[in-house]
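Chain and residue survey
Chain by chain, the residues run as shown.
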Amino acid sequence: MRKLMTIEAVFPIAGRGILAAPPLPFGSGRTATDGRAEIRRPDGTTRRAELHIETEHVNHRGRSEHPRWHRVCRLCGIGPSEVPVGSEVWCTDGIAADLLDHDGA
(Lines give C-alpha, C1' and ligand atoms only; values in the text may rest on other atoms or scores of the structure.)
Protein backbone atom coordinates (compact mmCIF):
# COMPACT_ATOMS: atom_id res chain seq x y z
CA MET A 1 0.00 0.00 0.00
CA ARG A 2 1.10 3.53 -0.75
CA LYS A 3 -0.23 6.91 0.33
CA LEU A 4 -2.11 8.66 -2.44
CA MET A 5 -3.15 11.86 -0.67
CA THR A 6 -4.05 13.62 2.57
CA ILE A 7 -7.62 14.89 2.55
CA GLU A 8 -8.14 18.63 3.03
CA ALA A 9 -11.90 18.63 2.34
CA VAL A 10 -14.67 16.33 1.13
CA PHE A 11 -17.73 17.16 -0.95
CA PRO A 12 -20.73 14.82 -1.23
CA ILE A 13 -21.99 14.28 -4.77
CA ALA A 14 -25.50 12.84 -4.93
CA GLY A 15 -25.44 9.30 -6.25
CA ARG A 16 -21.67 9.36 -6.90
CA GLY A 17 -20.05 9.21 -3.43
CA ILE A 18 -17.73 11.90 -2.14
CA LEU A 19 -15.10 14.00 -3.87
CA ALA A 20 -11.86 14.36 -1.91
CA ALA A 21 -9.73 17.50 -2.14
CA PRO A 22 -7.11 18.54 -3.10
CA PRO A 23 -7.02 17.44 -6.75
CA LEU A 24 -4.26 15.01 -7.74
CA PRO A 25 -1.47 16.27 -10.01
CA PHE A 26 -1.47 15.29 -13.67
CA GLY A 27 1.54 13.11 -14.39
CA SER A 28 2.66 10.83 -17.13
CA GLY A 29 0.47 7.95 -15.94
CA ARG A 30 -3.20 7.17 -16.44
CA THR A 31 -5.73 9.93 -15.91
CA ALA A 32 -8.46 7.54 -14.74
CA THR A 33 -8.55 4.30 -12.79
CA ASP A 34 -10.66 2.36 -10.31
CA GLY A 35 -9.66 0.27 -7.31
CA ARG A 36 -9.94 -0.10 -3.56
CA ALA A 37 -8.72 2.42 -1.02
CA GLU A 38 -7.93 2.32 2.66
CA ILE A 39 -8.85 5.48 4.53
CA ARG A 40 -6.53 6.06 7.49
CA ARG A 41 -8.22 8.55 9.79
CA PRO A 42 -6.43 10.89 12.20
CA ASP A 43 -7.74 8.90 15.20
CA GLY A 44 -5.89 5.80 13.94
CA THR A 45 -8.95 3.90 12.69
CA THR A 46 -9.29 2.72 9.11
CA ARG A 47 -12.12 2.26 6.62
CA ARG A 48 -12.28 0.72 3.16
CA ALA A 49 -13.84 2.48 0.18
CA GLU A 50 -14.15 2.15 -3.57
CA LEU A 51 -11.64 4.44 -5.29
CA HIS A 52 -12.35 6.17 -8.59
CA ILE A 53 -9.79 8.53 -10.10
CA GLU A 54 -11.18 10.60 -12.95
CA THR A 55 -10.78 13.88 -14.78
CA GLU A 56 -13.49 16.44 -14.03
CA HIS A 57 -14.25 19.89 -15.44
CA VAL A 58 -14.37 22.57 -12.75
CA ASN A 59 -15.99 25.96 -13.34
CA HIS A 60 -13.99 28.61 -11.48
CA ARG A 61 -16.50 31.38 -12.24
CA GLY A 62 -14.33 33.51 -14.48
CA ARG A 63 -10.98 33.00 -12.74
CA SER A 64 -9.05 31.99 -15.86
CA GLU A 65 -5.72 31.57 -14.04
CA HIS A 66 -7.00 28.32 -12.53
CA PRO A 67 -6.99 25.10 -14.55
CA ARG A 68 -10.41 24.01 -15.77
CA TRP A 69 -9.68 20.28 -15.61
CA HIS A 70 -8.67 18.43 -12.45
CA ARG A 71 -7.80 14.82 -11.72
CA VAL A 72 -9.98 14.01 -8.74
CA CYS A 73 -10.34 11.25 -6.18
CA ARG A 74 -13.91 10.03 -5.72
CA LEU A 75 -14.70 7.63 -2.88
CA CYS A 76 -17.79 5.42 -2.79
CA GLY A 77 -19.24 3.27 -0.03
CA ILE A 78 -18.28 5.79 2.64
CA GLY A 79 -19.92 8.99 3.85
CA PRO A 80 -18.39 12.44 4.30
CA SER A 81 -18.56 12.19 8.09
CA GLU A 82 -16.42 9.04 7.91
CA VAL A 83 -13.57 10.88 6.18
CA PRO A 84 -12.45 13.77 8.42
CA VAL A 85 -9.92 16.35 7.27
CA GLY A 86 -6.43 14.95 7.76
CA SER A 87 -7.42 11.42 6.74
CA GLU A 88 -5.06 9.72 4.32
CA VAL A 89 -6.10 7.79 1.22
CA TRP A 90 -3.94 4.70 0.63
CA CYS A 91 -4.13 2.43 -2.41
CA THR A 92 -2.16 -0.35 -4.06
CA ASP A 93 1.43 0.40 -5.02
CA GLY A 94 0.56 -0.09 -8.70
CA ILE A 95 -2.27 2.44 -8.72
CA ALA A 96 -0.25 5.02 -6.76
CA ALA A 97 2.79 4.61 -9.01
CA ASP A 98 0.65 4.97 -12.10
CA LEU A 99 -0.92 8.17 -10.77
CA LEU A 100 1.93 9.86 -8.93
CA ASP A 101 5.21 8.89 -10.58
CA HIS A 102 5.92 11.61 -13.13
CA ASP A 103 9.19 10.45 -14.71
CA GLY A 104 7.49 8.09 -17.18
CA ALA A 105 9.67 5.19 -16.06
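Criteria and cut-off values
Residues numbered from 1 in each chain as written. Predicted model: local features only at pLDDT ≥ 70, side-chain atom pairs only at ≥ 80, totals over all residues. Heavy atoms only, no water. Phe/Tyr/Trp six-rings, centres within 6.5 Å; stacked < 30°, edge-to-face > 60°. Lys NZ or Arg CZ within 6 Å of the ring centre and 35° of its normal. Salt bridge = Lys/Arg side-chain N within 4 Å of Asp/Glu carboxyl O. Helix = DSSP H or I, 4+ residues; strand = E, 2+ residues; numbered from the N terminus. Buried < 20%, exposed > 50% of the residue type's maximum accessible area, 1.4 Å probe, protein only. Polar contact = N/O pair within 3.5 Å; in protein donor to acceptor, adjacent residues only side chain to side chain. Contact = heavy atoms within 4.5 Å.

**Remarks on the packing of aromatic side chains**
The way to describe two aromatic rings as a pair is by their centre distance and the angle between their planes. This model, assessed by the stated rule, comprises zero aromatic pairs. A cation over an aromatic ring shows up here: Arg40 above the ring of Trp90, its NZ or CZ 3.7 Å from the ring centre.

**Focus: the pattern of salt bridges**
Under the criterion given, the structure shown has six salt bridges. Between Lys3 and Glu88 there is a salt bridge whose closest N-O contact spans 3.5 Å. With Lys3 in strand 1 (residues 2–6) and Glu88 in strand 7 (residues 88–91), this pair connects stretches of sequence that are 85 residues apart. Relative accessible area serves as the criterion here: at 35%, Lys3 is assigned to the partly exposed category.

**With respect to the environment of Gly94**
Secondary-structure assignment places Gly94 in helix 1 (residues 93–100). Classification of Gly94 by relative accessible area gives partly exposed; the value is 48%. Residues Gly94 and Arg2, 92 residues apart in the sequence, show an inter-C-alpha distance of 8.8 Å.

**Here's the deal with the side chain of His52**
As for its placement among the helices and strands, His52 is situated in strand 5 (residues 46–57). Among the polar contacts made by the side chain of His52, one reaches the side chain of Asp34 at a distance of 2.6 Å. Setting aside chain neighbours within four positions, we find His52 in contact with Thr33, Asp34, Val72, Cys73, Arg74 and Cys76.

**So, unusual backbone geometry**
Here Ala21 and Pro22 are connected by a cis peptide whose omega angle stands at 15°. Mapped onto the fold, Pro22 is located in strand 3 (residues 17–24).

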